[in-house]
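Next come the chains, spelled out residue by residue.
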Amino acid sequence: MNHLLPLLKKEFSLELKRQSVMAGLGLYLLSMAFIIYFSFSLRQNLITPLVWNALFWITILFTAINTVAKSFIGEKRGLDIYYYSIASPVAILFSKIIYNFLLCLVLAACGYLLFVLLLNNPMHDQVTFMETLALSSFGFSASLTLLSGIASKASNSNILMAVLSFPVVISILLVAVKITKNCMDDLDPSVSYQPLLMLLAIDALVCAVSYLLFPFTWKN
Amino acid sequence: MKSTWWKIACVVLLVYTAVGGLLFDVPRLNIVNETIRALYFHVPMWFGMVVMFSLSVFYAIRHLRHPSVESDIFSVAYAYVGLAFGILGIITGMIWANYTWGSPWHGDPKQNAAAIALLVYFAYFILRGSVANDEQRARLSAAYNIFAFVAMIPLLFIIPRMTSSMHPGNGGNPGFNTYDLDSRMRLVFYPSVIGWILLGLWIATLRIRIKLMEEKINEQEDEKNK
C-alpha cells in the first residue's frame, strides 16, 4: 500500500508530460458539446430539461469510457510486467482509480460548464448535482478501470471496452439521471438523499469487487 | 449427477406442467384472464435463469481460487443455458404483454432490466471470443462474470423496486401473493419451477460432458503429436 503515493505521482507526472492525451479528451468533450449545440442550434427551445439531462449523461458516459479506457489499453507491452515486479496489484489499481476519478470529475465539471455555456442551465439545486457528479465519476472510474484491465488483454479492446462497460455502468447512470431530474425540478435536497445513498452503495460495491478481482486479471 | 432418476422426474414434472398448466382451472381476473397461465411458463424461466447464472458465478469464483479447465467449462455451460432461459423469458413475457398491456415492448422497468441482464451475458461471450489464450480467456471471463453479476444486483433487485411498474406483483397489480388463497395455482407452479430448473441442469450437464470429452480428445492428440 505504501506504493500508492509514488504510483499516483507517476500517473500525474506522466499525464502532464504527454499533454496530447489530456488535450485530446478535452477536445473530445468540446466536439461532443458542439455537435449537440449545432444539432439543436436553431431549436434552442427543444432542449427541455429532460433532453438536457439525457444528452448530458450520454456525453459524460462516453467521455468517461474513453478516459478510463486508456488506463490499461494502449500501454506499452511489457510495462505491466515491470509494474508487476515493483508494486502490488492493489496499489496499482487504486492509484489508477483515484487518478481516473479526478480526471473524470474535472471532465464532468468541464462538460457541465460547456453545456451551460452552449445550451442552457436548467439546474436549480447545484450542490446536490455536484455531489451526483462526484459520486458517479467515482463509480465510473472504479468500474471502468477494472474493465479496462480486462479489455486490454483481449483483441479489439476498444470495441470490447464499450461493450463490457455499458451494462455494468447503467445502474449508476440510471440513478444519476434520476437525481439530476430532481435537481432540475428544484425539489428539496432531502428527496435526493435516498438515491444519493444508493449511488454511494453502488460505488462501494463496485470498488470492493474491483479490489477483489483485479489481482486475477492482472497476472499473466 | 449421472443418475437417471432426476431426469425422469424432470420429464414427468414438465409433462405435468404442460397438461396441468393448460387444462387446470385458474382464477378469473380482469384483463389477465387466461393469460394467467403464463405464470407456469414465463416466471419459471427467470427462476431458471437466476439459478443458472448463480451456478455460473459459483464456478467462476471456484476457477479464480483453484484454476482448472473443468471449472471454466462448467461456468460457461451454465452461462449458456442461463442465457437461453433469459431469451425464452423475454419472449414469453413479450407474448404475454402483447395481450395484456397491448404491445410486446412496453418499456416497463422489469423488461428493461431483463434486457440489460441479457446484454451483460452477450458481452461475456464476446469477451470470451476475443481472447486467444485459453488460460487467460478462462481467467478474464471468470472475473467479468463475477463483476457483472454483482453490478447487476442493484439493477435487477433494487432499482425496479424503487420505480413503479405495471408488472404483476408491483404497484397494486395482482402478483403471485394475490393467489395465495388459490392453492390450485401453486399446485402447478412449484412443480413447473422445479421441472424447468432440472431441464436447465440437464442441458448444462450434456454440454459439460461434450466439452470434457473434447478436452480429453485434444489432450490425447497432443500426446500423439509429441
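Before reading on, note that the structure itself is shown above.
The following paragraphs examine the structure supplied in this document. This structure is a prediction, so every number in the text was calculated from the model and none was measured.

This next bit is on the overall build of chain A. Helices and strands together make up the secondary structure of chain A, namely 8 helices and 0 strands. Going from N to C terminus, chain A has its helices and strands arranged as α-α-α-α-α-α-α-α. Relative to its length of 220 residues, chain A is compact, with a C-alpha radius of gyration of 18 Å against a globular reference of 17 Å. With the principal axes as the frame, chain A shows a C-alpha extent of 55 × 35 × 30 Å. By residue count, 51% of the 220 residues in chain A fall in the buried class. Relative to all contacts within chain A whose residues are 6 or more apart in sequence, the contacts with residues 24 or more apart total 85%.

All names here are of chain A. By the element assignment, Ser137 lies in helix α6 (residues 126-152). From its side chain, Ser137 meets the backbone oxygen of Leu133 in a polar contact 2.7 Å long. In contact with Ser137, not counting residues within four places along its chain, are Phe101, Cys104, Leu105 and Ala108.

Right, let's get into a negative patch on the surface. Taken together, Glu70(B), Glu219(B), Glu221(B), Asp222(B) and Glu223(B) make up a surface patch of like negative charges. In terms of residues, the negative patch owes the most to one element, helix α6 (residues 183-225) of chain B, which gives 4 residues.

Taken together, the contacts link 24 residues of chain B with 30 residues of chain A. Linking chain B with chain A are 3 residue pairs in polar contact (both at pLDDT 80 or more), by the criterion used here. Of all the elements in the fold, those that place two or more residues in the side of chain B that touches chain A are α4 (109-129) and α5 (134-162) of chain B. Along the lines of polarity and charge, the residues of the side of chain B that touches chain A split into 20 nonpolar, 3 polar and 1 charged.

The next subject is the pattern of salt bridges. Residues and elements named next belong to chain B. One pass over the full model with this rule turns up 4 salt bridges over all chains. Across the pair Glu214 and Lys211 runs a salt bridge whose closest N-O atoms are separated by 3.8 Å. Separated by 3 residues within a single helix, Glu214 and Lys211 lie in helix α6, roughly one turn from each other. Of the residues examined, Lys211 reaches a relative accessible area of 34% and is grouped as partly exposed.

As a further point, take the packing of helix α7 (residues 157-184) of chain A against α4(B). Where α7(A) meets α4(B), the closest approach of the two axes is 9 Å, and the angle between their N-to-C directions is 150°. One way to sum up the angle between α7(A) and α4(B) is to call them roughly antiparallel. Judged by the sense of rotation from one axis to the other, the crossing of α7(A) with α4(B) is left-handed. Residues Leu160(A), Val163(A), Leu164(A), Phe166(A), Pro167(A) and Ile170(A) of α7(A) touch α4(B), and the partners they reach there are Ile116(B), Leu119(B), Val120(B), Ala123(B), Ile126(B) and Leu127(B). The residue inventory of the contact of α7(A) with α4(B), partitioned by class, reads 12 nonpolar, no polar and no charged.

Time to look at the packing of aromatic side chains. A full pass over the atoms with the stated rule returns 26 aromatic pairs over all chains. Judged by centre distance (5.5 Å) and plane angle (85°), the ring pair of Trp52(A) and Phe115(A) falls under edge-to-face. Of the two residues, Trp52(A) is situated in helix α3 (residues 49-69) and Phe115(A) in helix α5 (residues 89-118); the sequence distance between them amounts to 63 residues. The exposure classification of Trp52(A) matches that of Phe115(A), with both residues buried. Measuring from centroid to centroid gives 6.4 Å for Tyr40(B) and Phe41(B), while their planes differ by 80°, and the two rings are edge-to-face. For Phe41(B), a relative accessible area of 23% corresponds to the partly exposed category. An aromatic cluster of at least three residues, connected via ring pairs, comprises Trp52(A), Phe56(A), Trp57(A), Tyr112(A), Phe115(A) and Phe129(A). When the ring centre of Phe72(A) is taken as reference, the NZ or CZ atom of Lys96(A) above it lies at 4.8 Å.

How each quantity is defined
- Residues numbered from 1 in each chain as written.
- Chains lettered and ligands numbered in written order.
- Predicted model: local features only at pLDDT ≥ 70, side-chain atom pairs only at ≥ 80, totals over all residues.
- Heavy atoms only, no water.
- Helix = DSSP H or I, 4+ residues; strand = E, 2+ residues; numbered from the N terminus.
- Rg over C-alpha atoms; globule rule 2.2 N^0.38 Å.
- Buried < 20%, exposed > 50% of the residue type's maximum accessible area, 1.4 Å probe, protein only.
- Contact = heavy atoms within 4.5 Å.
- Polar contact = N/O pair within 3.5 Å; in protein donor to acceptor, adjacent residues only side chain to side chain.
- Patch = residues over 30% accessible without salt bridge, like charges linked within 9 Å, V, L, I, M, F, W, Y side chains within 5 Å.
- Areas by Shrake-Rupley, 256 points an atom, 1.4 Å probe, with all protein chains shown as cover.
- Salt bridge = Lys/Arg side-chain N within 4 Å of Asp/Glu carboxyl O.
- Lys, Arg positive; Asp, Glu negative; His and termini not counted.
- Charge placed at Lys NZ, Arg CZ, Asp CG, Glu CD.
- Nonpolar A, V, L, I, M, F, W, Y, C, P; charged D, E, K, R; others polar.
- Axes fitted to C-alpha atoms, helices over the stretch in contact; angles between N-to-C directions.
- Parallel < 35°, antiparallel > 145°, perpendicular 65-115°, else oblique.
- Left-handed = near helix turned anticlockwise from the far one by under 90°.
- Phe/Tyr/Trp six-rings, centres within 6.5 Å; stacked < 30°, edge-to-face > 60°.
- Lys NZ or Arg CZ within 6 Å of the ring centre and 35° of its normal.

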